[in-house]
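# Structural overview for review
Chain by chain, the residues run as shown.
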Amino acid sequence: MSGPSTYQPQHKALQWIEQRLPVMNFVHSSFVAYPTPRNLNYWWTFGAILAMMLAVQIITGVVLAMHYTPHADLAFDSIEAIVRDVNYGWMMRNIHAAGASMFFIAVYVHMFRGLYYGSYKEPRELLWILGVIIYLLMMATGFMGYVLPWGQMSFWGATVITNLFSAIPLVGDSIVTLLWGGYSVGNPTLNRFFSLHYLLPFVIVGVVVLHIWAMHVTGQNNPTGVEPKTEKDTVPFTPYATLKDLVGMSAFLLFFSWFIFYMPNYLGEADNYIPANPGVTPPHIVPEWYYLPFYAILRAIPNKLLGVVAMFGAILVLLFLPWLDSCKVRSSRYRPLAKRFFWAFVAVCLLLGWLGAKPAEGVYTVMSQVLTACYFAYFLVVLPVLSRKEKTLPLPNSIADDVLASSSSKGKSLASVAVIAALAGTLVVGASQDAKASAGGNVPPSLEWSFAGPFGTFDRAQLQRGYKVYKEVCSACHSMKYVHYRNLTEPGGPGFTVEQAKAFAAEAAPIKDGPNDSGEMFDRPRRLADPFPSPYPNEAAARFSNGGAAPPDLSVITKARSYERGFPQFLIDLVTQFQEQGPNYVAGVLRGYEDTPPEGFVLPDGAYYNKYYPGHAIKMPQMLMDGVVTYDDGTPNTADQLAKDVTAFLMWAAEPHMEARKRLGLQVMIFLALLTGLLYFTKRRVWANAH
Amino acid sequence: MTTEVSTEPTRRDFLYIATGAVAAVGAAAVVWPLVSQMNPDASTIAAGAPIEVDLGPVAEGQEIKVFWRGKPIYIMHRSAQQIEEARTVSLSSLPDPQSDQDRTKEGHEQWLVVVGICTHLGCIPMARQGNYNGFFCPCHGSQYDSSGRIRQGPAPANLPVPPYQFVSASKIQIG
Ligand code: FES
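Here the structure is a predicted model, which is why all the values come from computation and not from measurement.

All right, on to the overall build of chain B then. Within chain B, the secondary structure is distributed over four helices and 10 strands. Starting at the N terminus and ending at the C terminus, chain B contains elements arranged as α-α-β-β-β-α-α-β-β-β-β-β-β-β. Relative to the globule expectation of 16 Å for 175 residues, the C-alpha radius of gyration of chain B, 26 Å, shows a markedly less compact shape. Principal-axis analysis of the C-alpha atoms gives chain B an extent of 90 × 35 × 30 Å. Put simply, chain B has 175 residues, and 35% of those count as buried. The long-range fraction of contacts in chain B, counting pairs at least 24 apart against all pairs at least 6 apart in sequence, stands at 52%. In chain B, which carries 13 positive and 16 negative side-chain charges, the distance between the mean positions of the two groups comes to 1 Å.

Turning our attention to the domain arrangement of chain A. Size of an interface, as often reported, equals the accessible area lost when the parts are brought together. Residues and elements named next belong to chain A. We note that the domain assignment places domain 1 (12-396 + 411-439) and domain 2 (460-664) within chain A. Between the C-alpha centres of domain 1 and domain 2 the distance comes to 38 Å. Carbon and sulfur atoms make up 58% of the surface buried where domain 1 meets domain 2, a total of about 2,900 Å² over both sides. The largest per-residue losses of area from domain 1 upon contact with domain 2 belong to Arg84, Trp90 and Tyr262, which jointly make up 23% of the total buried on that side.

Turning our attention to the state of the cysteines. Considering all chains together, one arrives at one disulfide over all chains under this definition. Each disulfide pairs two cysteine sulfurs, and for Cys123 of chain B the partner residue is Cys139 of chain B, the sulfurs being separated by 2.0 Å. Given an S-S torsion of about -90 degrees, the disulfide between Cys123 of chain B and Cys139 of chain B has left-handed geometry. With Cys123 of chain B in the loop between strand E4 (111-115) and strand E5 (126-129) and Cys139 of chain B in the loop between strand E6 (134-136) and strand E7 (143-144), this residue pair connects regions lying 16 residues apart in the sequence. By relative accessible area, Cys123 of chain B is classed as partly exposed at 22%. On the accessibility criterion, Cys139 of chain B (36% relative accessible area) is partly exposed. A disulfide-free cysteine, Cys349 of chain A has its sulfur positioned 11 Å from the sulfur of Cys374 of chain A, the nearest such atom. Under the relative-accessibility criterion, Cys349 of chain A is labelled buried at 13%.

Moving on, we come to the sheet that holds strand E1 (residues 51-54) of chain B. All names here are of chain B. Taken in spatial order, the three strands of this open sheet run E1-E10-E9, and their pairing is antiparallel. On the outer flanks of this sheet lie E1 and strand E9 (164-168), each paired with one strand and no other. Across the sheet, the mean angle from the axis of one strand to that of its neighbour is 30 degrees, orientation sign disregarded. Here E9 pairs with strand E10 (residues 171-174) via four bridges, running antiparallel. Looking at E10, one finds that Tyr164 is bridged to Ile174.

Attention now goes to the pattern of salt bridges. Residue and element names in this part refer to chain A. As enumerated under the stated definition, the model contains 30 salt bridges over all chains in all. In this structure, the salt-bridge partner of Arg335 is Asp325, at a minimum N-O distance of 3.2 Å. Placement of Arg335 in the loop between helix H13 (321-324) and helix H14 (336-356) and of Asp325 in the loop between H13 and H14 is noted, with a sequence separation of 10 residues between them. Overall, Arg335 belongs to the buried group, its relative accessible area being 2%. Taken together, the shared-partner salt bridges in this structure form one network comprising Lys121, Asp325, Arg335 and Glu390.

Cut-off values and rules
- Residues numbered from 1 in each chain as written.
- Chains lettered and ligands numbered in written order.
- Predicted model: local features only at pLDDT ≥ 70, side-chain atom pairs only at ≥ 80, totals over all residues.
- Heavy atoms only, no water.
- Helix = DSSP H or I, 4+ residues; strand = E, 2+ residues; numbered from the N terminus.
- Rg over C-alpha atoms; globule rule 2.2 N^0.38 Å.
- Buried < 20%, exposed > 50% of the residue type's maximum accessible area, 1.4 Å probe, protein only.
- Contact = heavy atoms within 4.5 Å.
- Lys, Arg positive; Asp, Glu negative; His and termini not counted.
- Charge placed at Lys NZ, Arg CZ, Asp CG, Glu CD.
- Domains from an automatic or database assignment.
- Buried area = accessible area lost by both parts, 1.4 Å probe.
- Disulfide = S-S within 2.5 Å.
- Pairing = 2+ DSSP bridges.
- Axes fitted to C-alpha atoms, helices over the stretch in contact; angles between N-to-C directions.
- Salt bridge = Lys/Arg side-chain N within 4 Å of Asp/Glu carboxyl O.

Next comes the structure, spelled out in structure tokens:
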């Protein structure tokens, strides 16, 4: 890393340190004077973006770990407590959850860039291999992080992924037991996943240091793939590359903020808002979007062991890439055939991602098989053959020559980065939406909600009416254990006064407290700090009283239900910020009852026919009829109005800080847009000297 | 190749200053939520609501310890002798002068309510021990009198009196 010290600090004290530990020389030679090819485009800023994302994930992760409880009975509750009660907890959680996706978007761009420009070729083989190792570690870390909320997808994702290892002959089952620390996924599994999820990011940091070290030894590749020959071919890292990286990072943060503040659940699964239930598997198990292509490969092969081998092989083949593609010309710019195959390969990956989210049946399986063959053919056939047969175009003499020749075509790059990154990212990301809640049922109508869109807010009067409906109707059977009476007075909520909320608490069912001095539990009236009461003492009692189906807790119900939007609607949703599937569904189910089921539908005993309920046979009778609740504010109390009001109330209950989130989001977006603009013009001014 | 940045502030470009300033504001703004999240969360604050304590079972010469906001609160039923001692000592001889009248409620002199956390480094003093018929801290030997005032040892201040009032003759509300 360090040669003879070229850096001489002015100050005496600094000199004293420098003679003993040449740290400033190290920083200066690696991040200031370090020569970087002058023709790097914005695709190269994703290295810096990844370093930033790693830091973001570690910082927010450390913060979340201060409040999270890794216990099977408490994990889900502790995350609800983080997003509801911890100062800025909702923001930390959104950053960390969306950050994982952003990290993978950036790493895929970074990897495809390396692939396109031949950055893995001699002498950078080890640099590339270290990168693949980082990617593997990221996948392991991301998977274990997804398990921690202990929702349905966490639990069943953990079950499915750990069971992959059971495919190993002879020792498979013992390995799985070892991973679980039990006979099934349970509390020991959660505990160790938390421990490893905290550890692995620091291992990643270690490998990243090696990755950067290796890069500093060989120097960066560049879009021509021609090594720098003279001083004219390079610019010092600072300020040139630093500023360009900062522009990229700032623009990326802008994209990231869209998810943190406006679409926090777009990248996640609604099912993960249902607490883990070892007795019920969700109808569609889908991994996070960034694993989908490999998931498709796994399912394409109708043999357990071979499927697992193919899936891991699809990643491990990357390790051999430097030797599979032995063409001396690095950049695809000068390889007309390789360039076409590269884009075909990108399409194959995106399509595999889309298929990974589809049910594994019929035409989808056939398509997955064909595309899996294409995936492997690219590495094992196309690249080796091309590297021998392809007629490459003449390379420029030097980087400087190339810059002079192409200086006319400047400025397009930034726009193309933004457009392609957004498209590629969202395409795969959104594909995972396809699999959500598509198990039968019609699509509920999209209603008008006051809280929709970037500037949407709750309608206080509507929330107050909704609370009345909940209290007088729903609360007879449904608990809302994450909502406390104090929440009713908080800003961004129904806006009850403290006195009103106290009165609601006092007139609700008493709460058990104690033990008192004589060791006895006693009932006392509820206070502001207490949660809404549960109508049943435990889940078994709830199930017993309701014909076998326990009424779900309603605290996060509007986030725990969703339905399929389909392609390309989910892409449009990303831009229009449509995310009201939950409320539409809840309001739909409340009003979706039909007295006579359609011809040929056999309704089980004790069930009711509901248009929008998956499977149509719902155990809950129709509760909302015209006039069952009287409103004090003169709003007509039709059943439709009651359903809408109570749904709005439930939406607030699930997302009590929604208004603060959108308000802060606007400020952050404006700030980042300003910062990105300023950085861009600063970078332009600085780079003007270099041309 | 490099252009050295001039050290004269007057010649710095406005654009550079503006960019640097905006970036600095952003960095500072990021620190705020990261620090703020460490403060007590909403449920902790809400749980710090006032508590009621029934004094009936506490006979003269006894004390109880209750918890409020996670802190131990001593409620001591003082004997006449203890009250006497607490009231006759000359204030000027105390390290942290405060009269016993200021530390108890008029008409309820027999009740001493103090936060049972040593003002030195936070250990819990033991009641009815030490030379002053009050509290003795085992950690580094601070001694408090029967009014919870520091008399001897490294602690700098008296045991604090939490906010409380009598809701009836034998019931107090702390907080
Ligand atoms: S903590 Fe009580 S004397 Fe030091």
